[in-house]
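Each chain, written out:
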Amino acid sequence: MWWGGRGQSFNIAPQKEEPEMGLSGPKSVQESRMPEPRSRRLSSCLASGCLPGEQILAWAPGVRKGLEPEMSGTLICTNLRVTFQPCGWQRNQDTPLSSEYDFALVNIGRLEAVSGLSRVQLLRPGSLLKFIPEEILIHGRDFRLLRIAFEAGGLEPQAFQVTMAIVQARAQSSQAQQYLGITLSKAGQGSGSRKPPIPLMETAEDWETERNKQGARGWRVSTVNERFDVATSLPRYFWVPNRILDSEIRRAFGHFHQGRGPRLSWHHPGGSDLLRCGGFYTASDPNKEDIRAVESMLQAGHSDVVLVDSMDELPSLADVQLAHLRLRALCLPDSSVADDKWLSALEGTRWLDYVRACLRKASDISVLVTARVRSVILQERGDRDLNGLLSSLVQLLSAPEARTLFGFQSLVQREWVAAGHPFLTRLGGTGASEESPVFLLFLDCVWQLLQQFPADFEFSEFFLLALHDSVRVPDTLTFLRNTPWERGKQSGQLNSYTQVYTPGYSQPPAGNSFNPQLSVWDWDLRYSSAQILQFQNPGYDLEQCPDSWLPRLQVKCLNFLNSLDFPTGSCCQTGRSERHNVLSSLGKAPHYSSAAVTYSPWLSLGRQMS
Amino acid sequence: MLGKGVVGGGGGTKAPKPSFVSYVRPEEIHTNEKEVTEKEVTLHLLPGEQVLCEASTVLKYVQEDSSQHGVYGRLVCTDFKIAFLGDDESTLDNDETQFKNKVIGENDITLHCVDQIYGVFDEKKKTLFGQLKKYPEKLIIHCKDLRVFQFCLRYTKEEEVKRIVSGIIHHTQAPKLLKRLFLFSYATAAQNNTVTDPKNHTVMFDSLKDWCWELERTKGNMKYKAVSVNEDYEVCERLPAYFVVPTPLPEENVQRFQGHGIPIWCWSCHNGSALLKMSALPKEQDDGILQIQKSFFDRIYKTIHRPPYEIVKTEDLSSNFLSLQEIQTAYSKFKQLFLIDNSTEFWDTDIKWFSLLESSSWLDIIRRCLKKAIEITECMEAQNMNVLLLEENASDLCCLISSLVQLMMDPHCRTRIGFQSLIQKEWVMGGHCFLDRCNHLRQNDKEEVPVFLLFLDCVWQLVHQHPPAFEFTETYLTVLSDSLYIPIFSTFFFNSPHQKDTNMHQRQLSLPLTQSKSSPKRGFFREETDHLIKNLLGKRISKLINSSDELQDNFREFYDTWHSKPTDYHGLLLPHIEGPEIKVWAQRYLRWIPEAQILGGGRVATMSKLLEMMEEVQSLQEKIDERHHSQQAPQAEAPCLLRNSARLSSLFPFALLQRHSSKPVLPTSGWKALGDEDDLAKQEDEFVDLGDV
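Since we're looking at a predicted model, the values are computed, not measured.

Brief notes about the overall build of chain B
Consideration 1: Helix and strand counts for chain B come out as 22 helices and 15 strands.
Consideration 2: Across the 693 residues of chain B, 56% fall into the buried class.
Consideration 3: Sequence separation of 24 or more characterises 72% of the internal contacts of chain B that already satisfy a separation of 6 or more.
Consideration 4: As presented, chain B carries roughly 31,700 Å² of accessible surface, and 52% of it is formed by carbon and sulfur atoms.

In structure tokens form, the structure reads like this:
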């Protein structure tokens, strides 16, 4: 169910503040030849919304068009972003970024200046504006569109300036650039130990807690990669079978592509395990002992396991990228597709085909793991893209915990962020060649599940949308780095670990000395508390919740079976496996037929905003 | 439920019944045959219903299974329905259907509901009609409500096969006379049973009073009057006995061309503008007659174009808009997507689903109808114009568009009673040829056009987009669409009120039936549009109405402005008509396809959650009240259909729970087994049976 257009989704009335009297000390604002009369008060007002280290390059008064009500305000270009500030609205210091009006420079997919009815100029980084624009259109790579009409009457130079400033700022920005100051200022606010909203899976303790939650008894947390010397793309800690020694792991992992050997992703309470690993390193020549080690790591105590080729039947990375480009073109407001050709155009993008393929494969694997109680190993050559997608989907399908807000965020953190999904590369930060929005494909799959089972998810589609949009906001390192190693290097916490190497479980650093890194899960950076409230799905069936009466952080071993009402007679309750069987065949088997796979939420966005 | 029946009186042995489900070989059948006849299940017959032929030991395939699973039983054909009576009651004991029709059981097909019959000869599927030389081993029946039945006749006696197959073909496909409709046998036999529900306030528009009431309700009585000039259908058999025309219009004008060329009032808007309809004047070649028509028309035109009447805009629905043939072609393509014999077929069409949907252009036709209705709404609402709908007989697209306009503009029509009154006014009294358009008599397939279904689908789009604006749900619409094929109520079985009145009346008085007058031919495959009318009207009006470009702009602005504002559910209501917004009416079209069900999901899940919360609020309120009065009230737990949301299907209430099989098709490639190969192979077999648990 889609609750109105994108424009309305987060339309919470802007907070009106008392008109600011008295100048609150103008800060370091570069005012390059701005017309004097009204600018002083304005600019000080604007500056108050700046991030640390942010500089206003140009601004111009304008009117936001395309959405009712039209709003007058100011278009501002800074060295970090383009933002529209409605009149009488002031940024809340607690949420320094606006989810509605901010466009990080890297998010700008297309910039158009319009004059009159016919003059349209597409502005690429470095191009020169040929006329004074009456209107500017900013197309976000996240499908958003900001349409600003400039005020006439002597302010044309400003319109020209701000447009040129955007063009230039875009040329200078880079994908990897981060709103650096925000981390500092925000983290500083917490004064002292600030717990991340969800475990970031950067400490052995996090892994140990999670392992206990899943009840994975045959597994332990390995510290072999603590110094990232087994694989830089792997997290510092991961789960391996109890019986395997760290030395064996080190040797065995060497035979896998980029050192990504088999690790546990999820332990099913019925006893089966879901593992993921990279492809076998073709040039390696393992000796007998290594082969035995690899085998015992893959089998992990099970008599037989199923090895699934993740790449089989799923789109290639290039396919995903192409489909996404087509999809975005289709959703542009000026897309030339006639309404009666919409469906075939949508089909032509193949995006929904890929969504279906993912859901289908994940549901097959989920039945294997839950109903058949069979261990499954996901194998993908790189182990950093489709493995994450499949493993997360399987967990969403099979474990109710993963469908809570907390559980889902932990899942993404564990299977994507910590597992080394190359976000920066895949989102186009390092050139187009390897760009492929696998993560967005995953989010679309989740959205489909949410559509199909609206009572089974604690989070709403607003939450998914917020996560989708956050991918293009460079405020935290979550999506700006490719590996946990790079992320750790950046936030400077690496030193505290590598210098003092303690065997076994390393002590978590004392709260005060450790400056925790902000992550995408710090929603209050970008969203007001009213918006964050909308992350909750009001239709969530609390009975589905694994332990609604317990505080969320103490999620215990799975006891979700008790809460489900099984139809008597159709299920012979002979044992655990039988009941799981019913669970997956009754409830959470996703529908991947075209009839069930709906148009995706972010599809209609461009259209809604136009 | 019907068809499930009761165990026959005689030797009702309660011995454990042998299961006739699945994999029974013919030899076993013969040994069991006697027993089968012993526990015969009685057929529930309606008053006046007669059994025509039957066959035993018919195997009904369980639909979603391409394998040979099935239920044995009797196949019976009466003059009302085809019924299958399963022998194995264990499958029927479960309360599997959430929704039960009081008249039609799960395995009943009314004769009017049969769409196509196929026979399978040596694995080849052929359409069956007329006299057969060879009898099929399998009978596939496609229904108009999109159910698909497959009956295996391999184990049935040959003469029984002949009798049942030719019986079914004859009674469903051969042209029929109106007087042979089951409706009449039923009406005669069940006369005493007709109960008039006093609570049913649906306005029938069969009296002058009803029309006056409607005029008053819409404040149209200042400029329009109800007339009874056609009281005994003396003027025209196409028109209802009573209708409404502009006040100054002389009544003799109505008689002039048998009601053609007369502006007939449909509805008045709050701002005074009105929606009118007119059936075109007969096409003439003779210049003299043309002259007469022209002068007649001038007079009419003068009447409706003087103040107090608003400027009139004419919408000629016969040209520049949908043709009935387009609708027919589109629907016949569209329905094939849902008439699915087995799951293989389902998955085959799945790959190209969107383009198949699009190529049927059914959804586009819906969009065009909605768009036309919005355009007319814009004229009336924003430009304060009268709109005159023009069509050859003013009984197909006129009904559709005028009902849609009223639905969008008049919140009264969005209540259940209001909606029923609307259908009664615009469709039944408006003379929509239900008999021909549904092809109930099988006399002319070309006349079969699902105009009414198209209307319901348009309404569904509105309901789907704005559920809070409607008192009724999509289920109501689905049930309404089904009732088109149940010949018990006379509503949807006549071409005009005149036809209904004469036939029902005579029948009830048990007078010998006179040769029923066949309705005047209204072939819609007209080569050319009615130039006369177009010219007459066009010339005069072209200077008054805006150019089409401007019209488009007006439309766009009206549409965009409305959608950018918060919706008032009790005011004007416009649908979204963009490409992604026109959707498939899943509940109606997909309800019999198990593969398309989402158990425990879909909108139903949210709805049931909502109901649960409302119940909770209510019970809390009660508790508060209780405390207030310090009295102990008994805890009444209202049974709720929607409880146990985890078990409900997205296609609630039509879906059958037990039917669902979750059988993920494991791709054979890409699975590598480590460890015991044999064990895995064994497990694969188990896996196939997963769905039966």
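Section: the pattern of salt bridges
All names here are of chain B.
Consideration 1: Taken as a whole and assessed by the stated rule, the structure comprises 46 salt bridges over all chains.
Consideration 2: Taking the shortest distance from any N to any O, the salt bridge between R217 and E214 comes out at 3.2 Å. Residue R217 and its partner E214 are located together in helix α5 (residues 208–217), separated by three residues, close to a single helical turn.
Consideration 3: The exposure class assigned to R217 is partly exposed, which follows from its relative accessible area of 23%.
Consideration 4: When its relative accessible area of 5% is taken as the criterion, E214 is described as buried.
Consideration 5: A salt bridge links E310 to K223; the nearest nitrogen and oxygen atoms lie 3.0 Å apart. Residue E310 is located in the loop between α7 (287–304) and β13 (312–316), and its partner K223 is located in the loop between α5 and β9 (224–227); the two are separated by 87 residues in the primary sequence.
Consideration 6: On the basis of relative accessible area, K223 is assigned to the buried category, the value being 15%.

Some details on the nonpolar core
Consideration 1: Among the nonpolar cores identified, the biggest contains 206 residues, and L393, F408, F439 and F442 of chain A together with F419 of chain B are the most heavily contacted of them.
Consideration 2: With sequence-adjacent residues up to four places away left out, F442 of chain A is seen in contact with L389, S392, L393, L396, F408, V412 and W416 of chain A.
Consideration 3: One finds V245, I264, W265 and L281 of chain B within the second-largest nonpolar core, a separate group that totals 35 residues.

Brief notes about the domain arrangement of chain A
Residue and element names in this part refer to chain A.
Consideration 1: The domains assigned to chain A are domain 1 (51–174) and domain 2 (204–487 + 523–544).
Consideration 2: In this structure, domain 1 and domain 2 have C-alpha centres spaced 36 Å apart.
Consideration 3: At the interface, 16 residues of domain 1 touch 22 residues of domain 2.
Consideration 4: Where domain 1 touches domain 2, the interface holds one salt bridge.
Consideration 5: Here R141 ties to E435 by a salt bridge, and the two come within 3.3 Å at their closest N and O atoms.
Consideration 6: Summed over the shared surface of domain 1 and domain 2, the number is three residue pairs in polar contact (both at pLDDT 80 or more).
Consideration 7: Residue composition of the side of domain 1 that touches domain 2, grouped by class: six nonpolar, five polar and five charged.

Notes on the domain arrangement of chain B
Often, the extent of an interface is quoted as the loss of accessible area upon association of its parts.
All names here are of chain B.
Consideration 1: Segmenting chain B into domains produces domain 1 (51–174), domain 2 (208–505 + 560–564) and domain 3 (586–617).
Consideration 2: The straight-line distance from the C-alpha centre of domain 1 to that of domain 2 is 36 Å.
Consideration 3: Tallying the contact residues gives 26 residues for domain 1 and 21 residues for domain 2.
Consideration 4: Of the roughly 1,900 Å² buried at the junction of domain 1 and domain 2 (both faces included), carbon and sulfur atoms supply 54%.
Consideration 5: Looking at the side of domain 1 facing domain 2, the largest losses of area belong to H112, K144 and L146, adding up to 32% of the total buried there.
Consideration 6: At the junction of domain 1 and domain 2, the tally comes to three salt bridges.
Consideration 7: Along the contact surface separating domain 1 from domain 2 lie ten residue pairs in polar contact (both at pLDDT 80 or more).
Consideration 8: Mapped onto the side of domain 1 that touches domain 2, the elements with two or more residues apiece are β5 (114–121), β7 (138–143), β8 (148–152) and α3 (158–173).
Consideration 9: Top element by residues in the side of domain 1 that touches domain 2 is β7. It accounts for three residues.

As for the packing of aromatic side chains
Consideration 1: Throughout the structure, instances matching the rule amount to 53 aromatic pairs over all chains.
Consideration 2: Centre to centre, the rings of W416 of chain A and F442 of chain A are 5.1 Å apart; their planes meet at 40 degrees, and the pair counts as tilted. Here F442 of chain A lies in helix α14 (residues 438–452) and W416 of chain A lies in helix α12 (residues 405–418), a separation of 26 residues in the sequence. Here the two residues W416 of chain A and F442 of chain A agree in accessibility, since each one is buried.
Consideration 3: With a centroid separation of 5.3 Å and 25 degrees between ring planes, the pair formed by F338 of chain B and Y589 of chain B is classed as stacked. In this pair, F338 of chain B sits in the loop between α8 (324–336) and α9 (343–351) while Y589 of chain B sits in helix α20 (residues 586–589), placing the two residues 251 residues apart along the sequence.
Consideration 4: Above the ring of F555 of chain B, the side-chain terminus of K371 of chain B is found at 5.2 Å from the ring centroid.

Some remarks on the pairing of β13 of chain B
All names here are of chain B.
Consideration 1: For β13, a buried count of five out of five residues is recorded, marking the element as mostly surrounded by other parts of the structure.
Consideration 2: Side chains of β13 alternate between two faces, with V312, T314 and D316 and K313 and E315 buried alike.
Consideration 3: In this structure, β13 lies alongside strand β14 (residues 386–391), joined through five bridges in parallel fashion. Across the sheet, the residue bridging to D316 is L390, located in β14.

Points about the confidence of the model for chain A
Residues and elements named next belong to chain A.
Consideration 1: Overall, the prediction assigns chain A a mean pLDDT of 75, with 71% of residues at 70 or greater.
Consideration 2: Across residues 1–40, confidence stays below pLDDT 50; counting only partners more than four residues off in sequence or on other chains, it has 69 contacts.
Consideration 3: For the stretch residues 600–610, pLDDT sits under 50, and the model shows 47 contacts to residues farther than four places along the chain or on other chains.

What to know about the packing of helix α11 (residues 386–398) of chain A against α14 of chain A
Helices that pack against each other are described as a pair by the angle of their axes relative to one another and the distance between those axes.
Residues and elements named next belong to chain A.
Consideration 1: In contact at an axis separation of 10 Å, α11 and α14 are set at 15 degrees when each is read in the N-to-C sense. Relative to α14, the element α11 is oriented roughly parallel. The handedness of the crossing between α11 and α14 is right-handed. On α14, the residues touching L386, L389, S392, L393, L396 and L397 of α11 are V438, L441, F442, C445, V446 and L449.
Consideration 2: Residues belonging to the contact of α11 with α14 are distributed by class as follows: eleven nonpolar, one polar and no charged.

Here we look at the packing of α8 of chain B against helix α10 (residues 353–360) of chain B
Residue and element names in this part refer to chain B.
Consideration 1: Interaxial distance between α8 and α10 falls to 8 Å at its minimum, and their mutual angle equals 160 degrees. Considered as vectors, α8 and α10 are oriented roughly antiparallel to each other. Every residue of α10 that contacts α8 at A330, K333 and F334 is listed here: L357, S359 and S360.
Consideration 2: Looking at the contact of α8 with α10 residue by residue, the class counts come to three nonpolar, two polar and one charged.

Overview of the pairing of strand β8 (residues 145–150) of chain A
Residue and element names in this part refer to chain A.
Consideration 1: By the criterion of burial, β8 is predominantly enclosed, with five of the six residues buried.
Consideration 2: As defined by bridge partners, strand β1 (residues 56–64) adjoins β8 across three bridges and the pair is classed as antiparallel. In the strand pairing of β8, G62 is matched with F150.
Consideration 3: Both strand β7 (residues 135–140) and β8 contribute to a ladder of five bridges, which runs antiparallel. Pairing of E135 across the sheet is with A149, part of β8.
Consideration 4: Taking the residues that link successive antiparallel strands as the turn, the β7-β8 hairpin has four residues, and the phi of F143 there is positive, at about 75 degrees.

Here's the deal with the confidence of the model for chain B
Residue and element names in this part refer to chain B.
Consideration 1: With 75% of its residues at a pLDDT of 70 or more, chain B has an overall mean of 78.
Consideration 2: Considering each helix and strand of chain B separately, the mean pLDDT is smallest for helix α22 (residues 677–688), with a value of 40, and largest for helix α12 (residues 397–409), with 97.
Consideration 3: Between residues 657–693, whose pLDDT stays under 50, and residues either more than four places distant or in other chains, the model counts 78 contacts.
Consideration 4: Reported for the predicted complex are a pTM of 0.81 and an ipTM of 0.77.

Focus: the sheet that holds strand β11 (residues 264–268) of chain B
All names here are of chain B.
Consideration 1: The sheet built from four strands is open, its strands ordered β11-β12-β14-β13 with mixed pairing. The open sheet terminates on both sides in strands that have one partner only, identified here as β11 and β13. Each strand axis lies, on average, 25 degrees off the axis of its neighbour in the sheet, ignoring direction.
Consideration 2: Pairing between β11 and strand β12 (residues 274–279): four bridges, direction antiparallel. Each bridged residue has a counterpart across the sheet, and for W267 the counterpart in β12 is L275.

Calculation rules
Residues numbered from 1 in each chain as written. Chains lettered and ligands numbered in written order. Predicted model: local features only at pLDDT ≥ 70, side-chain atom pairs only at ≥ 80, totals over all residues. Heavy atoms only, no water. Helix = DSSP H or I, 4+ residues; strand = E, 2+ residues; numbered from the N terminus. Buried < 20%, exposed > 50% of the residue type's maximum accessible area, 1.4 Å probe, protein only. Contact = heavy atoms within 4.5 Å. Areas by Shrake-Rupley, 256 points an atom, 1.4 Å probe, with all protein chains shown as cover. Salt bridge = Lys/Arg side-chain N within 4 Å of Asp/Glu carboxyl O. Core = buried A, V, L, I, M, F, W, Y, C linked by side-chain atoms within 4.5 Å. Domains from an automatic or database assignment. Polar contact = N/O pair within 3.5 Å; in protein donor to acceptor, adjacent residues only side chain to side chain. Nonpolar A, V, L, I, M, F, W, Y, C, P; charged D, E, K, R; others polar. Buried area = accessible area lost by both parts, 1.4 Å probe. Phe/Tyr/Trp six-rings, centres within 6.5 Å; stacked < 30°, edge-to-face > 60°. Lys NZ or Arg CZ within 6 Å of the ring centre and 35° of its normal. Pairing = 2+ DSSP bridges. pLDDT = per-residue confidence, 0-100. Axes fitted to C-alpha atoms, helices over the stretch in contact; angles between N-to-C directions. Parallel < 35°, antiparallel > 145°, perpendicular 65-115°, else oblique. Left-handed = near helix turned anticlockwise from the far one by under 90°.

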